[in-house]
Amino acid sequence: MCAESNKECCKPKIAVDLTAANEILDQYRGKPGALIPALQKVQEHYRWLSQPLVEHIARELNMFLSEVYGVVSFYSQFYTSPRGEYTIQICRGTACHVKGSLRILEQLAAELGVEPGEMTRDGKFTVEEVNCIGACGIAPVIVAGGKTFGSLTVAQALAAIRNFDSGV
Amino acid sequence: MPKAAATKKTKQKPVPKDMAKVMICMGTGGMSAGAGEVFAAFEEGLAQRNISATIGPRSCKVKRTGCRGLCAMDVLVDIDIPELGLHTYKQVKSEMVPEIIDQHILELQPVEKWLTGDDYHKFHDKQQRMVMFKCGIVDPESIDDYIAEGGYKALAKALKMEPEEVIEEVKKSGIRGRGGAGFPTGMKWGFCRAAPGNLKYIIVNADEGDPGAFMDRSLLEGNPHSVLEGLIIGAYAIGCLNGYFYCRAEYPLALRRLEIAIKEANEHGCLGENILGSGFSFQAAIKEGAGAFVCGEETALMASIEGKRGMPRPRPPFPAHQGLWKKPSNINNVETFANIPFIINNGGDWYASHGTDKSKGSKVFALTGRIKNTGLIEVPMGITLKEIVFDICGGVPGRNREFKAAQMGGPSGGCIPKELIDIPIDYDSLVEAGAIMGSGGVVIMDNTACMVDMARFFLAFTQQESCGKCVPCRIGTKTMLEILTRITEGNGKEGDVELLVSLANDIKGSSLCGLGQTAPNPVLSTIRYYRDEYDAHIREKRCPACACKALLKFEVIEDLCKMCGICLRQCPVEAVIWKPKTKAVIVKDKCIKCQTCIDACPFLAIN
């Protein structure tokens, strides 16, 4: 085993229910330019793209696995490691940077005990940096569980996550 | 007259002119400030009070609108009652709604304390809103509303013209691409029309990746039909049967409203087969991006639509000859398309009468950072930076904070220092000053912003987003980033600045696409204007703006401390000891170095 046990290579092969993937792929087979939307839809359902899923997609769309992984690894919004139930995105656009988003990122990650891009141990949150989400007028901004929080201080950002945690 | 407008008249009663209207700003900015709750509170409050019975025959309609620009005052609510005129409330919360309904709508007494003041009007006075004009007026989720405001008239007019006449009109207008490079739009359309082949594509570039720019998002959220109308006109002029919106996945609301717009336009005969009975057919579809900045580059974007890695390719062949799926393709920015209906409605000459000699019309800018009124503004080309920063946006807030620089054009651009604040904003003057128009993001920095850190920030961005295809960009930006990082961490060496400049010039000269060719700009421009800050970091291991964390001591400078205690109130971990009339002390064991106190201190007394 390598030191980081959450690395893809060290994981036991996971059995994945491919029914939903098949239903999604039915809409895309044989269409030009279908790979990216197909990956997006499959990921939307499974939250992340595990190796069996990617292999299955390659097979079904009649593409080389390397081709599919080439696309998966190119775009930042395809995930090849498990994702938490909620995603906390910290906007790292310029306006947010000028208003201290790095501080928020550092403190939120410390609070949850993860590095940016990682999932918390309980599988509840994934913390990630995200390129400008275009809400610069209310910088610094985080998006937690699909809800946008703007004009934050470090303390307010921490409070937002703590409230989230307790289900408020 | 568009068929759609005709159907509307027969199907439903026209909206009475004297109706009271409540318009709520529901862009991303508004939504995160609670516009959803405010909207619900208005609907509920009006229903409870049975408004239509109370103010005579007049009914009252609540409608959602897009962003009107002044995000700092969200949620903004307009109430338009004929005998009172238009009143605008700022920072509305759902709790305030019952009082506003009772006082303003029922008693006809606007609630003065919550109304917008001079600031709001000043924000609008020097603007010239064209593409943004209808954002904040039309309901973005209703084609009927758009048509009632004069929408799709330009399309009807264009369809009666010859395609060449449409292109001629766009050429006459002198409009240049609003995506950043500023290529004349009419000429671009002409190239694609002239390219041989029957199958051609037209694409809206809504992959607004520039951090700090959000006008495309606001346009798509606030008035998606105006962009769609521009696209259909472009398709007709060039002769395209298919078109795409390539929009970032980070913009869920824009994507949803775009989807609704396309569906409604299809139902109303403004899109699809035999548009408005003209015999011209055109289909539009949405392609969602997957998170790659480089996909804003046209050839990379097309590769991405084809389902490949979004990597640029050398040109020629240019997209006008060989673009999407090797067919002639035309690609324009969202804002460019949104301008087209105005040009067709009013004529190219009219449009050309706005702006400066070489930069026509108006431009939308996103003002963010350390500025009082953050948000979107639309100003005539040629206005000065000073007017934008001080007259429209209210200057820099905070005690002892002053304007230091404006960063324009994002990671491809540069900064305009305070000495050049009188610069007129047009494509050519900005390039001369070392910045670019870019997509129109303007980040204002005050004296607490470190220019070396800004350069590092942009390089970190471009380095991460470099697709890796060509060596100068892939390795060059990484090396530059390493040098900048060591400077901001206090490990800079003599000669680092010269090395940066030499690397920058090589990368600019030899990269494959715009990303690499412009990535060094923020570094070159900060070196040009703020060389002293680089030297302070390298020689004195000091960050003059107190922003680079590794060079900070987290100590209170006693001479400057005015004993206000704000640092204690802001500190998230209570690491400050302070009592009234004593100087503050930071407890180093407790301090988590979050820099909140440094941001909060009005006297710049913490270093």
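Attention now moves to the overall build of chain B. Within chain B, the secondary structure is distributed over 25 helices and 15 strands. A principal-axis box enclosing the C-alpha atoms of chain B has dimensions of 75 × 65 × 40 Å. Of all 607 residues assigned to chain B, the portion counted as buried reaches 60%. When contacts within chain B are restricted to residue pairs at least 6 apart in sequence, those whose partners lie at least 24 apart make up 71%. A total accessible area of about 23,500 Å² is found for chain B, and carbon and sulfur atoms account for 52% of it. Each charge sign in chain B was given a centre, from 74 positive and 72 negative side chains, and these centres are 2 Å apart.

Helix and strand content of chain A: seven helices and four strands. Reading the secondary structure of chain A in the N-to-C direction produces α-α-α-α-β-α-α-β-β-β-α. The buried share of chain A, taken over its 168 residues, is 52%. Sequence separation of at least 24 residues holds for 62% of the intrachain contacts in chain A that already meet a minimum separation of 6. If you sum the accessible surface of chain A, you get close to 8,000 Å²; carbon and sulfur atoms cover 50% of it.

Residues and elements named next belong to chain B. Take E43: it is sitting in helix α3 (residues 35-48). On the accessibility criterion, E43 (43% relative accessible area) is partly exposed. Linking E43 and C60, residues 17 residues apart in sequence, is a C-alpha distance of 9.9 Å.

Right, let's get into the pairing of strand β1 (residues 20-25) of chain B. Residue and element names in this part refer to chain B. With five of its six residues buried, β1 lies for the most part within the structure. Relative to strand β2 (residues 60-65), β1 runs parallel, the two sharing six bridges. Bridge assignment links M23 to a residue of β2, and that residue is K63. Of the strand pairs in this sheet, β1 and strand β3 (residues 77-81) are connected by four bridges, and their pairing is antiparallel. Its bridge partner lying in β3, I24 is registered against V77.

Before going further, it helps to examine the interface of chain A and chain B. The interface of chain A with chain B comprises 37 residues on the first partner and 53 residues on the second. Buried area between chain A and chain B, both sides added, is near 3,600 Å², and the carbon and sulfur share of it is 56%. Taken as a group, A:F74, A:T94 and A:R103 account for 18% of the area that chain A buries against chain B, more than any other trio of residues on that side. Connecting chain A to chain B are two salt bridges. When the shortest N-O distance is used, the salt bridge between A:R103 and B:D599 registers 2.4 Å.

Structurally, B:C591 can be placed in the loop between β15 (585-586) and α25 (596-600). Sequence separation between B:C591 and B:L524 is 67 residues; the distance between their C-alpha atoms is 35 Å.

In this structure, A:P140 follows A:A139 across a cis peptide bond, with omega equal to -5 degrees. Checked against the element boundaries, A:P140 lands in the loop between β2 (125-130) and β3 (142-144). Residue B:P317 follows B:P316 across a cis peptide bond; omega there is 0 degrees. Unusually for a residue other than glycine, B:K541 sits at a positive phi of about 50 degrees.

All names here are of chain B. Sheet topology places strand β6 (residues 242-247) next to strand β7 (residues 283-288); six bridges connect them, and they run parallel. Bridge pairing links N242 to Q283 in β7. You can see the chain leave β6, run along helix α13 (residues 252-267) and come back into β7, and the turn it takes is right-handed.

Attention now moves to the pattern of salt bridges. Counting across every chain of the model gives 36 salt bridges over all chains. The residue A:R29 makes a salt bridge to A:D26 at a minimum N-O spacing of 2.3 Å. Linked through salt bridges whose partners overlap, the residues forming this network are B:R64, B:D139, B:E141, B:R256 and B:R257.

As a further point, take the domain arrangement of chain B. Accessible area lost on assembly of the parts is the figure often given for the size of an interface. All names here are of chain B. On domain assignment, one finds that chain B holds domain 1 (13-68 + 77-115), domain 2 (143-352), domain 3 (362-449), domain 4 (452-539) and domain 5 (553-607). Listed by partner, the interface residues are eleven residues for domain 2 and seven residues for domain 4. Carbon and sulfur atoms supply 79% of the area buried between domain 2 and domain 4, which totals about 900 Å² over both sides. Between domain 2 and domain 4 we count zero salt bridges in total. At the boundary of domain 2 with domain 4, the tally comes to two residue pairs in polar contact (both at pLDDT 80 or more).

Residue and element names in this part refer to chain B. For chain B, per-residue confidence averages 90 on the pLDDT scale, and 95% of positions sit at 70 or higher. This stretch, residues 1-15, has a pLDDT under 50; its non-local contacts, to residues over four places away or in other chains, come to 14 contacts. Confidence drops under pLDDT 50 across residues 53-57; counting only partners more than four residues distant or on other chains, this segment forms three contacts. Model confidence for the complex is summarised by a pTM of 0.89, with the ipTM given as 0.84.

This paragraph deals with a nonpolar patch on the surface. A contiguous nonpolar patch, built from B:F183, B:M187 and B:F191 and spanning about 280 Å² of accessible area, is present on the exposed surface. In this fold, B:M187 is placed in helix α10 (residues 185-194).

Attention now goes to the sheet that holds β3(B). All names here are of chain B. Spatially, β2-β1-β3-β4 is the arrangement adopted by the four strands of the open sheet, whose pairing is mixed. At either end of the open sheet lies a strand with only one pairing partner, and these are β2 and β4 (85-89). The average angle at which neighbouring strand axes cross in this sheet is 20 degrees, direction not considered. Helix-sheet contacts for α3 involve β1, β2 and β3, and the interaxial angle to β2 is about 170 degrees.

Residues and elements named next belong to chain B. In spatial order, the strands read β7-β6-β5-β8; together these four strands make up an open sheet with parallel pairing. Two strands lie at the open edges of the sheet, namely β7 and β8 (329-333), each paired on one side alone. Each strand of the sheet is rotated relative to its neighbour by a mean of 20 degrees, with strand direction disregarded. Its contacts with the sheet place helix α15 (residues 334-346) against β5 (201-206) and β8, and it is angled at close to 90 degrees to β8.

Conventions and cut-offs
- Residues numbered from 1 in each chain as written.
- Chains lettered and ligands numbered in written order.
- Predicted model: local features only at pLDDT ≥ 70, side-chain atom pairs only at ≥ 80, totals over all residues.
- Heavy atoms only, no water.
- Helix = DSSP H or I, 4+ residues; strand = E, 2+ residues; numbered from the N terminus.
- Buried < 20%, exposed > 50% of the residue type's maximum accessible area, 1.4 Å probe, protein only.
- Contact = heavy atoms within 4.5 Å.
- Areas by Shrake-Rupley, 256 points an atom, 1.4 Å probe, with all protein chains shown as cover.
- Lys, Arg positive; Asp, Glu negative; His and termini not counted.
- Charge placed at Lys NZ, Arg CZ, Asp CG, Glu CD.
- Pairing = 2+ DSSP bridges.
- Buried area = accessible area lost by both parts, 1.4 Å probe.
- Salt bridge = Lys/Arg side-chain N within 4 Å of Asp/Glu carboxyl O.
- Right-handed = clockwise from strand over helix to strand, strands pointing away.
- Domains from an automatic or database assignment.
- Polar contact = N/O pair within 3.5 Å; in protein donor to acceptor, adjacent residues only side chain to side chain.
- pLDDT = per-residue confidence, 0-100.
- Patch = residues over 30% accessible without salt bridge, like charges linked within 9 Å, V, L, I, M, F, W, Y side chains within 5 Å.
- Axes fitted to C-alpha atoms, helices over the stretch in contact; angles between N-to-C directions.

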